[in-house]
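# Structure at a glance
Each chain, written out:
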Amino acid sequence: MAKSKDPEAQKRKEEIKKADVRLLAQLGYKQEFKRDFKPLEVFGIAFSIIGLTPSIASVLFYSLPNGGGPAMVWGWLVASLLVLCVGMSMAELASAMPTSGGLYFWTYTYASPKWRRLLCWIVGYANTIGNIAAVASIDWGCAVQVMAAVTIASDDAFSPNSAQLFGVYCAIVLSHGVLCCLGTTVLARLQTFYIILNVLLCMVVIIILPITTPDEFRNTTSFALWDFTNFNGWPNGFAFILSFLAPLWTICSFDSSVHIAEESSNAAVAVPWGIVNAISVAGLLGWAINMVLAFCMGTDLEALWDSDQPMALIFLNSFGRKATLGVWIVVVLVQYMMGSSMLLGASRQTFAFSRDGALPFSGWLYNLSSYTQTPINSVWYDAILAIAMGLLAFAGDQAINAAFALSVTGLYVAYAIPIVARFWGGCEFIPGPFYLGPLSAPCAVISVVFMTVMSIIFLFPTSPTTTIGDMNYTVVVLGGVLFLSLVWYYIPVYGGIYWFTGPIKTVESSDPNLELNQFSGARQQNSSSQFSPSRRV
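The text that follows walks through the structure, step by step, so that each part is easy to find. (Residues numbered from 1 in each chain as written. Predicted model: local features only at pLDDT ≥ 70, side-chain atom pairs only at ≥ 80, totals over all residues. Heavy atoms only, no water.)

### Observations concerning the packing of aromatic side chains
- Summed over all chains, the structure comprises 36 aromatic pairs.
- Taking the centre distance of 5.4 Å and the plane angle of 70° together, the rings of F240 and F244 count as edge-to-face.
- Overall, the relative accessible area of 22% leaves F240 in the partly exposed class.
- Judged by centre distance (5.9 Å) and plane angle (80°), the rings of F315 and W328 are edge-to-face. Of this pair, F315 sits in helix α15 (residues 310-319) while W328 sits in helix α16 (residues 321-355); the two residues are 13 residues apart in sequence, bridging distant segments of the chain.
- Assessed through its relative accessible area of 0%, W328 is described here as buried.
- Within the aromatic cluster, the residues linked to one another by ring pairs are Y104, W121, Y125, F353, W488, Y489, Y490, W499 and F500.
- Above the ring of Y108, the side-chain terminus of R116 is found at 5.2 Å from the ring centroid.
- Lying across the ring of F429, R422 places its NZ or CZ 3.8 Å from the centre. (Phe/Tyr/Trp six-rings, centres within 6.5 Å; stacked < 30°, edge-to-face > 60°. Buried < 20%, exposed > 50% of the residue type's maximum accessible area, 1.4 Å probe, protein only. Helix = DSSP H or I, 4+ residues; strand = E, 2+ residues; numbered from the N terminus. Lys NZ or Arg CZ within 6 Å of the ring centre and 35° of its normal.)

And the structure:
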């Protein structure tokens, strides 16, 4: 006989659901998604995108030449604490206004009336290109790891070329597109599996790697923690800061929890805590992983740096070929999960931005499948643009590396502006359940200064003596996209300045259907539907 459900629990669940719908309506939007993401799964999407072991594997080539062990250990510690400040500042905004548009929506709400439309536009595009770059960089890292597995299995007889890597990359992106078209319930339940596998892989590295590492690859405390290695030629202090790209790329894209806010239960609580917990857990586990790697990677850092996959070589030296292949398959699987979660979050932001009419083909993008109730068109829009970004691989290693830097710099532009607008835009901020109180302003200052400095530094080339092939293409790609978005905003007659009004309401908070969670599919287009910050709760 089936066990009856607790009526009090059911009542509480229904109250939370109605509260979510009402809060979203007060922000100006009707409920269109199924709210199937539980708090653990909201944490899961940010944590799975962070990825840890496969992410660290993808970006070791930033920390190895820019400090070695000290950069991996102390650089990670410093950077992760600063990223936590960014996450807490974002969490406050997410708790006050949990909507899929997130960053650009907050910017419009809190910026001064003179600048809110332009800043909203810039943040929306920076967020969009940053998310697509994150999809591209994660899936490119996955393609490299797949080929590393093939190389290990072939006893180093196989070495992939750019065309082969690009082919695998396209297959990965396309498969993620198919996966992200599934229903919300399926996508939500997958997050728990992602969390478990991610943590188990971390434990393998933290516990098993030190046990199996031969003596010749065990490093002294002095070498692992204090001997600074510099291969690129920048002054040691600047090289140490450049190594921050490794932890910053790893612990990034946590705004994905924001972008599924309209699919989350008790979003005003689940989303901010999902962000903060994901960063905190990743910071601690990532520091432990880097500590272990620093002690178990041997002293020939140049050989690691020159290899196709430094972490794969570390595993090979410690585990042996067969065991490494087995562990590496799990690394590839977790990296694959990262990419699917990233495309999921990116597609929700694209859907939200098109809902407000800002993207090319917005009428096509703002559409939910009648079968899965997910934004299939937005999924494929982002997937196709990610594949296009992957073509940078044919311009050289530094060109495709721009996707890694762009996924940080583009998102940091989008992260910083709403935080600044909240304090200096002149509009009242009414906090949600997550609030830092008197620590809010100092945390915001630290966050904005840190993101501004790092966004500038990541535009520098890897070496002070740079050729055309070694230049940093981040400034070209990010600058080009933002320039084109501004051209489209200001172009005479057709530009966004003539028609973009910011967030567009799709429901009135007085709509009687709010209590029933029933809305028509029609989108309000009249001028009275413009969102007004004064309507904030």
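### Some words on the nonpolar core
- Residues W106, L248, W328 and Y415 are the most contacted members of the largest nonpolar core, which totals 160 residues.
- The dominant element in this core, judged by the number of residues it contributes, is helix α6 (residues 116-153), at 21 residues.
- Residues in contact with W328, not counting those within four places in the same chain, are A57, Q145, A148, A149, Q309, M311, A312 and F315.
- Within the second largest apolar cluster, six residues are counted, among which are C85, A91, V276 and F434. (Core = buried A, V, L, I, M, F, W, Y, C linked by side-chain atoms within 4.5 Å. Contact = heavy atoms within 4.5 Å.)

### Concerning helix α2 (residues 39-50)
- Here α2 contains 12 residues, and its C-alpha end-to-end distance of 17 Å stays within 8% of the 16 Å for a straight helix at 1.5 Å per residue.
- Of all 12 residues that make up α2, 10 are buried, and the element is covered over most of its length.
- Within α2, burial applies to E41, V42, F43, G44, I45, A46, F47, S48, I49 and I50.
- Phi for G51, located one or two positions after α2, is positive at around 75°. (Expected span 1.5 Å × (residues − 1).)

### Some words on the layout of surface pockets
- Taken as a whole, the largest pocket encloses approximately 1,100 Å³ of empty space.
- F61, W305, S307, D308 and D397 are, among the 42 residues lining the largest pocket, the residues nearest its centre.
- Sorting the residues of the lining of the largest pocket by element identifies α3 (53-63), α6, α7 (162-179), α14 (301-306), α15 and α19 (397-424) as the ones contributing at least two each.
- The dominant element in the lining of the largest pocket, judged by the number of residues it contributes, is α6, at seven residues.
- In terms of residue class, the lining of the largest pocket is made up of 21 nonpolar, 16 polar and five charged.
- When residues in the lining of the second largest pocket are grouped by element, the largest group, five residues, is from helix α1 (residues 7-26).
- A class-by-class count of the residues in the lining of the second largest pocket yields four nonpolar, four polar and 10 charged. (1 Å grid on protein atoms, 1.4 Å probe; cavity = no way out; pocket = protein on both sides within 12 Å on 5 of 7 lines; lining within 4 Å. Points joined across faces, edges and corners; volume = space filled by probe spheres on them. Nonpolar A, V, L, I, M, F, W, Y, C, P; charged D, E, K, R; others polar.)

### Quick notes on a negative patch on the surface
- On the surface, a cluster of negative charge is made up of D6, E8, E14 and E15.
- Secondary-structure assignment places E8 in helix α1. (Patch = residues over 30% accessible without salt bridge, like charges linked within 9 Å, V, L, I, M, F, W, Y side chains within 5 Å. Areas by Shrake-Rupley, 256 points an atom, 1.4 Å probe, with all protein chains shown as cover. Salt bridge = Lys/Arg side-chain N within 4 Å of Asp/Glu carboxyl O. Lys, Arg positive; Asp, Glu negative; His and termini not counted. Charge placed at Lys NZ, Arg CZ, Asp CG, Glu CD.)

### Brief notes about a nonpolar patch on the surface
- On the surface, F483, L484, V487, I491, V493 and Y494 cluster together to form a nonpolar patch covering roughly 650 Å² of accessible area.
- Note that Y494 resides in the segment after α21 (474-490).

### Some remarks on empty space enclosed by the protein
- Considering all chains together, one arrives at five cavities of 30 Å³ or more under this definition.
- When its volume is computed, the largest cavity comes out at roughly 180 Å³.
- Y62, L245, F460, T462 and N472 are the residues nearest the centre of the largest cavity, which is lined by 16 residues in total.
- Top contributing element to the lining of the largest cavity by residue count: α19, with four residues.
- When the residues that make up the lining of the largest cavity are grouped by side-chain class, the tally is nine nonpolar, seven polar and no charged.
- Here the second largest cavity defines a volume of roughly 70 Å³.
- Those elements that place two or more of their residues in the lining of the second largest cavity are α6 and α11 (245-250).
- Here the lining of the second largest cavity gets three residues from one element, more than from any other, and that element is α6.

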